[in-house]
Each structure stands twice: as structure tokens, then as C-alpha cells.
Amino acid sequence: MAEGHLISIGLLAAMVVTAACALAVKDLLTAAALFGAFSFLTATWFALLGAVDVAFTEACVGGALTTILFVSTAFRTGRSFD
Amino acid sequence: MGASPPPRHEASRVRRLLGAAAFPALFTGLVLGMAELPEFGDPASPASTHVSPRFIEDAAAETGAANMVTAVLADYRGYDTLGETAVIFAAGLGCLVILAAAGGRPNLPAAGMSHPFGSVILDAATRILVPVVLLFAVYVLIHGHISPGGGFQGGVLFGSGLIMMRLVWGPAHEGGAHHPDVPVFGPSLRSSLMLACAGILGYAGIGLAAMAFGGEFLNYGTLPLGSDPAHVRELATLGIEAAVFLTVAGTVGVLFDTISIGMRENGVPIGSGRGPRE
């Protein structure tokens, strides 16, 4: 149980860091990649909690699909945010 | 200059003060209310003592679905899932209306990269990966009632497989112009939209069929699919999952096409890394 808690805390801390970085970076492509990383951390955490179906959905939608859409949109709007 | 209309800034100041007072009050109320809730994961909470055991004990026998998540999503709470599917469909429609129809040409064929960013490695990897991804998507759909997965995840995977091909090899209507030997296929924007429509209509249709055979909306027990009620429900659940699969895969195609069509119309070579503002 304690180990599970430690992994949870580590994952959640990594999620906070990733989210903050995604907001802070200027390059939209980097931000999209960071959002993808955020989604995979979330999916891992869901799997750790035993919600395998939700983790699967999060990995598909958050990790793959929205990352693709973000990247496509980043190319459409121009890459840097100022 | 009477006093009838109060100066605007004064009214907004009162409003801001009210807001500033209301926020901590609401926040405190919510936090205090949370203390009354059962502990997170508490086995003695009402949800764990009454609701969960009912589903854990009876779901497999009643619905024929070993994966309880699917049993709950597609059967017990099928009405919820119908609403969710409709929301996804509406999101795709909204994207289409805003991004594609704004350009006045919503009937364009399937879009894709106007310039390939494929390298030899990317090309080879895509050739191997795409068939596996598409097959795995169908597996996830069909196995949804046994293992984690179902129509939603399968649909996203299938749509992602199609997008992957277009990203690397170019638009489907050019027959994979950048790699003439590679048979690029995929639905056009119009077909994607029709797939999504067929999915959501099929979902509602299964619900209505259950009504037509004397049951309730989305209560599949009355469908004439066999004598074993659990088996009937299993088949109906598969139908529901397939409908969700179609809706999600179609919507994914619509989303990608509307975004990339907009890029082609603006003359931005997709994948070149050059936006109009650079």
C-alpha cells in the first residue's frame, strides 16, 4: 500500500510539473508533446488505481488522438506563441 | 444628470465585492460538505455496500459480459452512453461547421498532408504498424465485453490508424500520390460524417427496436435474438459497441479532415513546420 502511495505521489508530481511546463513553453509543438506526456502519466495513474478501461481510453484519446490534433493545429496556426 | 442610472463602475464594483464575498463562502461550504462524504475508497460507503455488489454479483449472469465496465456502460446505463455518444457526434459537427464550412467547401475529399514528411524509416514503420493498429481496433471492439476496451477505444484506435496513414503518405483521394505503390484508403470527409451518423442512428435504432418488441428503450431483453436472455443482451451490447465504434471513428475522421482541409486551403504545407505567422 505504501509503495502504491509513493508511486501515486510521484506520478501526480510529474503530472503537475508536465502541466506547468506545457503552459510555460513558447513552442506550440513542444506544448503538444508535453500534453501527450501528461496524458500518458494520467493513464498510468488510472491503471495503478485499477481503472484499466479508463486508463485505456485516456491513453488512446489523450495520448494519441488529441496530441495529433494539437500538432495539426499547431502547424496551422504557426508554431510559436507570443 | 439625475441619480437614476447608477454610475457603471460603481455597479461593477458592488458586483465584484459580492463575488469576492460569495467565493470564500461557497468554497468553505463545499469543503465542509466534502467532510460529510464517505472516505475515498471506503468499503463501508453506500456505493460500496449496495450498488457495487449488485453489479459484481449479477452483471456477468445478466448481461453475459465478463467485463463489468462494459456491462454497466452499454447495458445498465445505456441511456447515459447514448448521450455521451451524441456529445462526441455533436463535437465533430461543431468542428465541421466552424472549421470546414467556414471555407464554404464542406464536400472536399479526404484530406491529408499536402507534403509528405515521411522518411524511409517512417514509411517502413507505417507499413507495418497501420494494419496491426486497424486489426487491434476491431479486436478491442469485439473483445470489449471480456477485456478492457470496447467501441469507444476501438473507434479511436481505428481513426488514429487511418490518420497515421494520411499523415505519412498524403491524402487518400490522390491515391497516395507520394507513394504510388501504397494503397492508401480511408473515408472521405463526407463518408466519415455518414459513418458517424450511421453510428448514432444505429445506437438509437437498437433502443427503438427493443421498444418495438415490447420492451423499454435500450432494455435489450425483448429483442428476438435467441432464447437465452444473457446471450441476447450480449449480442445487443456488441451492437451498441459497434455503433459507438462507428460514431467515434467517423468523428475522429471528421476532426482530422476539417483541421487539415483548413490547412490546405490556407496554403500551409502541412508538416513543413511553417505557419503563416513565421
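Residues numbered from 1 in each chain as written. Chains lettered and ligands numbered in written order. Predicted model: local features only at pLDDT ≥ 70, side-chain atom pairs only at ≥ 80, totals over all residues.

**Description of the overall build of chain B**
So, point 1. Summing up its helical and strand segments, chain B has eight helices and zero strands in all.
So, point 2. For chain B, the α and β elements follow one another from N to C terminus as α-α-α-α-α-α-α-α.
So, point 3. In chain B, which comprises 278 residues, the proportion classed as buried is 37%.
So, point 4. Look at the contacts in chain B between residues 6 or more apart in sequence, and 69% of them connect residues 24 or more apart. (Helix = DSSP H or I, 4+ residues; strand = E, 2+ residues; numbered from the N terminus. Buried ≥ 20, exposed ≤ 12 C-beta atoms within 10 Å, placed from the backbone. Contact = placed C-beta atoms within 7 Å.)

**Quick word on the overall build of chain A**
So, point 1. Along its length, chain A carries three helices and zero strands.
So, point 2. Across the 82 residues of chain A, 30% fall into the buried class.
So, point 3. For chain A, the proportion of contacts with a sequence separation of at least 24, taken over those separated by at least 6, is 53%.

**Let's talk about the confidence of the model for chain B**
Where the model shows low pLDDT, its predicted coordinates should not be examined in detail.
Residue and element names in this part refer to chain B.
So, point 1. Overall, the prediction assigns chain B a mean pLDDT of 79, with 78% of residues at 70 or greater.
So, point 2. Per-element averaging of pLDDT across chain B places helix H2 (residues 46-63) at the bottom with 83 and helix H7 (residues 189-212) at the top with 92.
So, point 3. Scored below 50 in pLDDT, residues 106-115 makes 38 contacts in the model with residues more than four places away or belonging to other chains.
So, point 4. Quick note on the complex model: pTM equals 0.78, ipTM equals 0.85. (pLDDT = per-residue confidence, 0-100.)

**A few points about helix H5 (residues 120-142) of chain B**
So, point 1. Taking 1.5 Å as the rise per residue, H5 of chain B with 23 residues should run 33 Å; its terminal C-alpha atoms sit 34 Å apart, in good agreement.
So, point 2. Where H5 of chain B bends most, the angle comes to about 30°, and this point is leucine 129 of chain B, followed within four residues by the proline proline 131 of chain B. (Expected span 1.5 Å × (residues − 1). Bend = angle between axes of the 7 residues up to and from the residue.)

**Notes on the environment of leucine 135 of chain B**
Residue and element names in this part refer to chain B.
So, point 1. Within the secondary structure, leucine 135 sits in helix H5.
So, point 2. Judged by the 13 C-beta atoms lying within 10 Å of it, leucine 135 falls in the partly exposed class.
So, point 3. Along the backbone, leucine 135 and aspartate 75 are 60 residues apart, and their C-alpha atoms lie at a distance of 25 Å.

**So, the packing of H2 of chain B against helix H3 (residues 68-76) of chain B**
Residue and element names in this part refer to chain B.
So, point 1. Between H2 and H3, the shortest axis-to-axis distance is 10 Å and the interhelical angle comes to 70°. As judged from the angle between their axes, H2 and H3 are roughly perpendicular. For the pair H2 and H3, contact is made by Phe55, Ile56, Ala59 and Thr63 and by Met68, Ala71, Val72 and Asp75, respectively. (Axes fitted to C-alpha atoms, helices over the stretch in contact; angles between N-to-C directions. Parallel < 35°, antiparallel > 145°, perpendicular 65-115°, else oblique.)

**A look at helix H2 (residues 28-48) of chain A**
So, point 1. For H2 of chain A, which comprises 21 residues, the first-to-last C-alpha distance of 30 Å matches the rise-based estimate of 30 Å (1.5 Å per residue) to within 8%.
So, point 2. If you check which residues of H2 of chain A are buried, you get Leu28, Ala31, Ala32, Leu34, Gly36, Phe38, Ser39, Leu41, Thr42 and Ala43 of chain A.

**Description of unusual backbone geometry**
Working note: non-glycine residues mostly have negative phi, and peptide bonds are mostly trans.
Residue and element names in this part refer to chain B.
So, point 1. Although it is not a glycine, leucine 218 sits at a positive phi angle of roughly 65°.
So, point 2. Locating leucine 218 in the fold gives a position in the loop between H7 and helix H8 (229-265).
So, point 3. Judged by local crowding, leucine 218 falls into the buried class, with 24 C-beta atoms found within 10 Å.

**Side note on the confidence of the model for chain A**
So, point 1. Here chain A shows a mean pLDDT of 87. Residues at 70 or above account for 89%.
So, point 2. Per-element averaging of pLDDT across chain A places helix H3 (residues 52-77) of chain A at the bottom with 86 and H2 of chain A at the top with 92.

**Describing the environment of arginine 13 of chain B**
So, point 1. Turning to its location among the elements, arginine 13 of chain B is positioned in helix H1 (residues 8-36).
So, point 2. Placed 54 residues apart in sequence, arginine 13 of chain B and asparagine 67 of chain B show a C-alpha to C-alpha distance of 55 Å.

**Some details on the packing of H5 of chain B against helix H6 (residues 151-169) of chain B**
Residue and element names in this part refer to chain B.
So, point 1. Orientation of H5 relative to H6, taken along the N-to-C sense of each, is 160°, at an axis distance of 8 Å. Here H5 is positioned roughly antiparallel relative to H6, judged by the angle of their axes. Regarding H5 and H6, the two cross each other, and that crossing is left-handed. Packed against H5, whose contacting residues are Leu122, Asp123, Thr126, Val130, Val133, Leu134, Phe136, Ala137, Val138, Val140 and Leu141, the element H6 presents Gly151, Gln153, Gly154, Leu157, Phe158, Ser160, Gly161, Met164, Met165 and Val168 at the interface.
So, point 2. Of the residues contributing to the contact of H5 with H6, the split by class is 14 nonpolar, six polar and one charged. (Left-handed = near helix turned anticlockwise from the far one by under 90°. Nonpolar A, V, L, I, M, F, W, Y, C, P; charged D, E, K, R; others polar.)

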